[in-house]
Each structure stands twice: as C-alpha cells, then as structure tokens.
Amino acid sequence: MDTKFIRHLAISVCVTALVVYIIYHSYDEGAYLMMSALAVSSFIIGYLEPRRGWILALTQIIILVSVYLLRIFTPASPDMAMFGTFAGCGISLVFSFVAGRIARLWGR
C-alpha cells in the first residue's frame, strides 16, 4: 500500500468519528444534519480515492455498524442512532461511488 492511501484511510477514520459523534448526539430535529454529514463525508471519501474509494466507504460502514452493535456510546435517541447507522451504509456507498466518478471525469 502506498502512503497516500494510508493517509486517506486515516482521514476516512477521522471523518467517520465525527459522523459517529453527530449520529449519537442527534435528536429528532437533527436528522437533516446527520444525513448531510454522512453525505458530505462519503463524498469526501470518494473524491479522495476515485479508484479505491469503495474500500474507504466499507471502512466507514464497518465503523458505523460496529459502534452501533457493540453499544460503545449511549445515543441521545436510540431510534435516530439506528436510523443513522443503517441509512449511513447505503449513503456511504452511493455517495463515494458518485464522487469517485466525478473525480475520474475531472481527470483526477
């Protein structure tokens, strides 16, 4: 693995930690912020690695689901935590794919 990919993997983990914080501190009114954070983080991940962004997206999904299933944090709203976690799985894959395609179109 090259150092660029490892740097992007570290960025992905940091961004996912921020997303987990937002998910676990969101109430019913924070659903838009939660979904926006998921979309932006996934877009960043896909744009950083246009060809291998799916690995970073899977890393984000693994972190989201493992934090939810291991019950590491107590969520402010359990329903919002479940919704954010499992909706984040689809959002992460789709937005990283779209960003990777856009990055490839722009010649990155």
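One can find the structure itself at the top, above this paragraph.
Residues numbered from 1 in each chain as written. Predicted model: local features only at pLDDT ≥ 70, side-chain atom pairs only at ≥ 80, totals over all residues. Heavy atoms only, no water.

Asks: Looking at this model, I keep getting lost on the overall build of the chain. Mind explaining?
Replies: When you go through the chain residue by residue, the secondary structure sums to four helices and zero strands. Walking the chain from its N terminus toward its C terminus, one meets helices and strands in the order α-α-α-α. Against the 2.2 N^0.38 benchmark of 13 Å for 108 residues, the chain shows a C-alpha radius of gyration of 14 Å, consistent with a compact globule. Expressed as a percentage of the 108 residues in the chain, the buried residues total 44%. Considering only contacts within the chain whose residues lie at least 6 apart along the sequence, 79% involve residues at least 24 apart. Approximately 6300 Å² of the chain is accessible, and the part contributed by carbon and sulfur atoms is 72%. The averaged location of the 5 negative side-chain charges in the chain is 19 Å from the averaged location of its 8 positive side-chain charges. (Helix = DSSP H or I, 4+ residues; strand = E, 2+ residues; numbered from the N terminus. Rg over C-alpha atoms; globule rule 2.2 N^0.38 Å. Buried < 20%, exposed > 50% of the residue type's maximum accessible area, 1.4 Å probe, protein only. Contact = heavy atoms within 4.5 Å. Areas by Shrake-Rupley, 256 points an atom, 1.4 Å probe, with all protein chains shown as cover. Lys, Arg positive; Asp, Glu negative; His and termini not counted. Charge placed at Lys NZ, Arg CZ, Asp CG, Glu CD.)

Asks: Would you explain the pattern of salt bridges in this entry?
Replies: It is possible for side chains bearing opposite charge to pair when their charged atoms get close. In the structure shown here, the tally under the stated rule is two salt bridges. In this structure, the salt-bridge partner of Asp2 is Arg52, at a minimum N-O distance of 3.3 Å. One end of the pair, Asp2, is in the segment before helix H1 (3-24); the other, Arg52, is in the loop between helix H2 (31-48) and helix H3 (53-70), with 50 residues separating them in the sequence. Look at Arg52 and you get partly exposed, because its relative accessible area is 29%. The closest approach of N and O atoms between Arg52 and Glu49, which form a salt bridge, is 3.5 Å. The exposure class of Glu49 is buried, given its relative accessible area of 5%. Here the salt bridges do not stand alone but share partners, grouping Asp2, Glu49 and Arg52 into one network. (Salt bridge = Lys/Arg side-chain N within 4 Å of Asp/Glu carboxyl O.)

Asks: Can you walk me through unusual backbone geometry in this structure?
Replies: Residue Arg71 is not a glycine yet carries a positive backbone phi of 55°. Looking at the element boundaries, Arg71 is found in the loop between H3 and helix H4 (78-105).

Asks: I tried to follow H3 on my own but got confused; where do I start?
Replies: One full turn of an α-helix is made of 3.6 residues, so residues set three or four places apart face in the same direction. If you check H3, its first and last C-alpha atoms are 26 Å apart, about what 18 residues at 1.5 Å a residue would give, namely 26 Å. What H3 keeps buried is the set Gly53, Leu56, Ala57, Thr59, Gln60, Ile61, Leu64, Val65, Val67 and Tyr68. Where H3 is buried, its residues touch H1, H2 and H4. (Expected span 1.5 Å × (residues − 1).)

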